[in-house]
Structures are given as structure tokens and as C-alpha cells.
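Summary of structural features
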Amino acid sequence: MPVYTCITVQGALSPETKADLAAEMTRVHSMINHVPGTYVNVVFHELPDDDVYTDGRPAQPLLINGWVRTGHPEAQSSQLVAEIAAAATRVTGIPARRVLVVIQNSPAHFAIEGGRVLPAPGEEEAWFRAQKEVD
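Computed from a predicted model, the values in this text were never measured in an experiment. (Residues numbered from 1 in each chain as written. Predicted model: local features only at pLDDT ≥ 70, side-chain atom pairs only at ≥ 80, totals over all residues. Heavy atoms only, no water.)

Notes on the sheet that holds strand β1 (residues 3-9)
Judged by pairing direction, the sheet is mixed, and its four strands sit side by side in the order β2-β1-β5-β6 without closing on themselves. This sheet does not close on itself; its edge strands, each paired only once, are β2 (41-47) and β6 (99-106). Geometrically, the sheet is characterised by an average inter-axis angle of 15 degrees between neighbouring strands, direction not taken into account. Pairing of β1 with strand β5 (residues 62-69) involves five bridges; the strand directions are antiparallel. Bridge pairing in β5 places Tyr 4 opposite Gly 66. Lying on the sheet, helix α2 (residues 74-92) is in contact with β1, β5 and β6; it crosses β6 at an angle near 145 degrees. (Pairing = 2+ DSSP bridges. Helix = DSSP H or I, 4+ residues; strand = E, 2+ residues; numbered from the N terminus. Axes fitted to C-alpha atoms, helices over the stretch in contact; angles between N-to-C directions. Contact = heavy atoms within 4.5 Å.)

Written out as C-alpha cells, the structure is:
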């Protein structure tokens, strides 16, 4: 359901670090938003050094843009963004001052996964059950 896109410069993260970060982001998201890890998507985009700037100068930040379904409690969303940012620093070693995490949202019915419109937060159990019946 959620999609996290991590943008860095080429070579900033090893394949092992990417795998560890994806696993930790999945764990955090699953714990806070109560969905199985199988529904958490993490994508990495690596750009050339001269394609990423901060303050008008070439930089090497870690930019994480997440999408989630509208309707999660505000405190839950604040916890999610804080824990994803902390995990990014802990796993990658990139200082917190160079990590930016933004969580955006839209109504669940604006997205389809597995050929089915996503459920609103709190309606996942019935959605999962119906998915198992189709499989």
C-alpha cells in the first residue's frame, strides 16, 4: 500500500545498506500503520553527483518521499515520519541534518494495488480477507 521513494547520489548507499533500510522502513511502517510488510514498497533512485543540490550547491542528502492513505490519526503520521527519519540515519549513517522525510497522502480510493481499490485505514482486515478468497 505505501510507497517510499529514497533519492540519493550514486554510490551513497551500498546494496546491503539499501536492503537494511528497506527492511527497517517496512518494519516501522507495518508497526505504526498496522499493515503487513508485504504491502510496503521501497524504491531507490540514484542520481549523478551533479543532479542533487541543497542550498544551491551539490549535496548528498537522503530524500525520502512517502505516500500513505489519508485517514491515519495525526499523531500516528507524526510518529511515522519521525521514526522513518531516525531509521534512515541509524541504518545509513547519513547525519540527520542531511535526511529529509516527507509523507504525502491521498484517499485510499485514489490507488489500486493487485487490481483492487485500496481500503481506507481501519478497513484493511476485510480487504485482506477478500484478497485471500480471490487467490
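Remarks on the packing of helix α1 (residues 15-33) against α2
Two numbers describe how α1 lies on α2: the axes approach to 9 Å, and their chain directions differ by 160 degrees. Relative to α2, the element α1 is oriented roughly antiparallel. Of the two possible hands of crossing, α1 and α2 adopt the one that is right-handed. For the pair α1 and α2, the contacting residues are Thr 17, Asp 20, Leu 21, Glu 24, Met 25, Arg 27, Val 28, His 29, Met 31, Ile 32 and Asn 33 in the first and Gln 76, Gln 79, Leu 80, Glu 83, Ile 84, Ala 87, Ala 88, Arg 90, Val 91 and Thr 92 in the second. A class-by-class count of the residues in the contact of α1 with α2 yields ten nonpolar, six polar and five charged. (Parallel < 35°, antiparallel > 145°, perpendicular 65-115°, else oblique. Left-handed = near helix turned anticlockwise from the far one by under 90°. Nonpolar A, V, L, I, M, F, W, Y, C, P; charged D, E, K, R; others polar.)

Considering the packing of aromatic side chains
Applying the stated criterion to the full structure yields three aromatic pairs. Consider the rings of Tyr 39 and Trp 127, whose centres lie 5.4 Å apart with planes at 65 degrees: the pair is edge-to-face. Of this pair, Tyr 39 sits in the loop between α1 and β2 while Trp 127 sits in helix α3 (residues 124-134), and the two are 88 residues apart along the sequence. Each member of the pair, Tyr 39 as well as Trp 127, is classed as buried. Relative to Phe 128, the ring of Tyr 39 has its centre 4.9 Å away and its plane inclined at 40 degrees; by these criteria the two rings are tilted. (Phe/Tyr/Trp six-rings, centres within 6.5 Å; stacked < 30°, edge-to-face > 60°. Buried < 20%, exposed > 50% of the residue type's maximum accessible area, 1.4 Å probe, protein only.)

What to know about empty space enclosed by the protein
Inspection of the entire model under this criterion finds one cavity of 30 Å³ or more. Put simply, the largest cavity is a space of about 40 Å³. Every residue lining the largest cavity is listed: Met 1, Pro 2, His 29, Asn 33, Trp 67, Val 68, Arg 69 and His 72. Ranked by residue count, the leading element in the lining of the largest cavity is β5, at three residues. Partitioning the lining of the largest cavity into residue classes produces four nonpolar, three polar and one charged. (1 Å grid on protein atoms, 1.4 Å probe; cavity = no way out; pocket = protein on both sides within 12 Å on 5 of 7 lines; lining within 4 Å. Points joined across faces, edges and corners; volume = space filled by probe spheres on them.)

Notes on the UniProt feature "domain: Tautomerase cis-CaaD-like" (unreviewed entry) in the protein
In the numbering adopted here, UniProt assigns the feature "domain: Tautomerase cis-CaaD-like" (unreviewed entry) to residues 1-131. Spanning residues 1-131, this segment combines 35% helix with 29% strand, and its end C-alpha atoms are found 13 Å apart. (UniProt positions renumbered as here; feature names shortened; annotations may be inferred.)

Topic: unusual backbone geometry
We note that His 34 has phi near 60 degrees; this positive angle belongs to a residue other than glycine. Note that His 34 resides in the loop between α1 and β2.

Overview of the side chain of Glu 24
For Glu 24, the location among the structural elements is in helix α1. Excluding anything up to four places from it in sequence, Glu 24 contacts Ala 87, Arg 90 and Val 91.

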